[in-house]
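Structural overview for review
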Amino acid sequence: TMKSLSRREFSRLITGAAAATGVAALALLNARSGLAQRRSLASFTVHGFGPISPVLPNNTSELVDVPTQGNLVGVPLIALPALFQYTAISLRGQRFSNGAAIPGAHDGMAVFQGRAGHNILVRNHELSISTSAGCLTANGKQYDRFAGTAAGTGGGGTSTVVVDRNGRVVEDYISLGGTIRNCAGGATPWNSWITCEENVTTPSTDGRATLRHGYNFEVPSQLKEAVDPIPLVAMGRMNHEAVSVDAQTGYVYETEDRNDSAYYRFVPKKKPNRFGDLQEGGDLYAMVVKPGQRSTCTGEPLPTTVLQGTEVVDTRGLRGGASGSVLPFLGQPLAVEWVKLEDVDPVDDTLRFEALSKGAAAWFRGEGAWFHRGKHYFVCSNAGDAGEGQVWCYDPSRETVTLLVESTAENLHAGPDNLTIARDGTIYLCEDGSGGTPGSASYSQRIVGIDATGGLFTFAQNLVSTAEFAGACFSQDGHYLYVNLQGQGITLAIWRTDHRPIYLATGFVASSR
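Read on for an overview of the structure. (Residues numbered from 1 in each chain as written. Predicted model: local features only at pLDDT ≥ 70, side-chain atom pairs only at ≥ 80, totals over all residues. Heavy atoms only, no water.)

Some thoughts on the pattern of salt bridges
In total, this model carries 21 salt bridges according to the counting rule given. Residue Arg-352 is joined to Asp-260 by a salt bridge in which the shortest nitrogen-to-oxygen separation is 2.7 Å. Taken together, the residues Arg-352 in helix α3 (residues 351-357) and Asp-260 in the loop between β12 (252-256) and β13 (264-268) connect sequence positions 92 residues apart. On the basis of relative accessibility, which here comes to 9%, the residue Arg-352 falls in the buried class. (Salt bridge = Lys/Arg side-chain N within 4 Å of Asp/Glu carboxyl O. Helix = DSSP H or I, 4+ residues; strand = E, 2+ residues; numbered from the N terminus. Buried < 20%, exposed > 50% of the residue type's maximum accessible area, 1.4 Å probe, protein only.)

Looking at the environment of Ser-381
With respect to the element layout, Ser-381 can be found in the loop between β19 (375-380) and β20 (390-395). Sequence-wise, Ser-381 and Glu-431 are 50 residues apart; in three dimensions their C-alpha atoms are separated by 8.9 Å.

Focus on the sheet that holds strand β23 (residues 427-431)
The strands that make up a sheet pair up through hydrogen bonds in the backbone, lying either parallel or antiparallel. On the basis of which strands lie adjacent, the open sheet formed by six strands has the order β1-β2-β25-β24-β23-β22 and antiparallel pairing. With one partner strand each, in any of the chains shown, β1 (52-55) and β22 (416-421) form the two edges of the open sheet. Taken pair by pair, the neighbouring strands of this sheet meet at an average axis angle of 30 degrees, ignoring direction. In terms of strand pairing, strand β24 (residues 446-450) meets strand β25 (residues 456-462) through five bridges, oriented antiparallel. Paired with Val-448 across the two strands is Thr-458, which belongs to β25. (Pairing = 2+ DSSP bridges. Axes fitted to C-alpha atoms, helices over the stretch in contact; angles between N-to-C directions.)

Concerning the nonpolar core
Counting 30 residues, the largest nonpolar core has Ile-78, Leu-80, Tyr-428, Phe-459, Phe-469, Leu-492 and Ile-494 as its most contacted members. Where this core is concerned, the elements lending two or more residues are β2 (78-81), β3 (84-89), β23, β25, β26 (469-474), β27 (480-485) and β28 (490-496). (Core = buried A, V, L, I, M, F, W, Y, C linked by side-chain atoms within 4.5 Å.)

Things to note about the packing of aromatic side chains
Scanning the entire structure with this criterion turns up 19 aromatic pairs. For the pair Phe-84 and Phe-459, a centre-to-centre distance of 5.0 Å together with 80 degrees between the ring planes defines the contact as edge-to-face. Taken as a pair, Phe-84 in strand β3 and Phe-459 in strand β25 lie far apart in primary sequence, 375 residues in all. On the basis of relative accessible area, Phe-84 is assigned to the buried category, the value being 3%. Given a relative accessible area of 0%, Phe-459 falls into the buried group. Ring centres 5.3 Å apart and planes at 45 degrees place the aromatic pair Tyr-253 and Tyr-394 in the tilted group. Residue Tyr-253 is located in strand β12, and its partner Tyr-394 is located in strand β20; the two are separated by 141 residues in the primary sequence. Here the two residues Tyr-253 and Tyr-394 agree in accessibility, since each one is buried. Put simply, the rings of Tyr-253, Tyr-263, Trp-338, Trp-363, Phe-378, Trp-392 and Tyr-394 pair up and form one aromatic cluster. (Phe/Tyr/Trp six-rings, centres within 6.5 Å; stacked < 30°, edge-to-face > 60°.)

Some remarks on the pairing of β13
Counting buried positions along β13 gives five out of five residues, so the element sits mostly inside the fold. Of the two faces of β13, the one carrying Tyr-264, Phe-266 and Pro-268 and the one carrying Arg-265 and Val-267 are both buried. The pairing of β12 with β13 spans three bridges and is antiparallel. The partner of Tyr-253 across the bridge, within β13, is Arg-265. Here β13 runs beside strand β14 (residues 282-289); their pairing, made up of five bridges, is antiparallel. Paired with Arg-265 across the bridge in β14 is Tyr-285.

The structure is reproduced here in structure tokens:
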């Protein structure tokens, strides 16, 4: 079994498996993880950009008596490597360009290239119905006006923030209102943002709702006002989390934040190339991991579970097995197929039940998703035997899915949520772990990078909140990383002090072979 392999042999095996599938050697993280109980953390951590330490925002002098947050002057919000600086912008309680209050719960986000060197952020607000103020649009285009709530309640939605080269806000406004718990989403190749409701409220479950929720909405990046809120019903009504859009086909891949979730593919009726095309509908499918496949390392079969009356492959914990081996399916491409779903707009939260009854694989809390060089990466936040999360990669050219990362210890990596991938192929994971004392060595709310060898490095740590980082995304030129402190409602613009792109010296470009 794998327990008998040396670290060098284990690493060689995983590297070979990763190379054979055209997936960069991220699986080495698992090799290091599997040895965590017998080795120190230093055996699977790497230098990255160097050690981190508390850093003041460049605009710290401006953060005086921030509404709802108090005086933040002289407060280091995050720790970063020595090469980096940042500004804190668009804080909860400050004012938009039109004078309206900026809502909080900043979450998923994408960045688009604007004019005059500006970057355009489209940012989610994971707010519920009861939130006062919330995402109230200036032009009155609200999806749900929430009967019986306080005047001015806008619920969740998105805001759009235009940022200049110095990390300063040029313009900002609410771009979608009247939705609930907009958690993550995904950018499209045609410069729009698909925002996802992580909520399935209906008027029958909450009398304040006047419409059904649980949908995706598309928001153009340069509309300059709130979008007409049209739900993309054909993409399914469920507890959405994130999407990744295939640049070649226009297919949209969707994650679902449930303990027994499915992984979905939306095939549009026509290949989309501009805002609005997705409104024409399409077909929805769920991924089936073909049963009966065996570990090429140990020979043991994929674990299965009976869900919704059907025996399905259960990806939620692929360690252990009869032989007690360490991660027997690590780095191994697993053959998949897709099953079509019919009731994509169910009255109740049952979309995944139809998927499972038709043999779709079960995933544990599908969360962040990202498209990079022909492949779709997605996170299962609390999956694995340790409950600390997995990262998977779906390759549509081969119709395979591969387990790249499974954390086996909280101090290794805790609860990956949002993820993004830099142009050099380095993966950055936003933790949503168990928290602890901000600034302590054991505190888990970090941005963790994975380099070419699969080694882990800490890129940033939250020093002021016990809530997660969210919405990490790189500008198209690679010079800026934008990310949110979700709990405090702060957006950060991070860049290198030498103004070079944010590339690791040992970074890699994920193979597209």
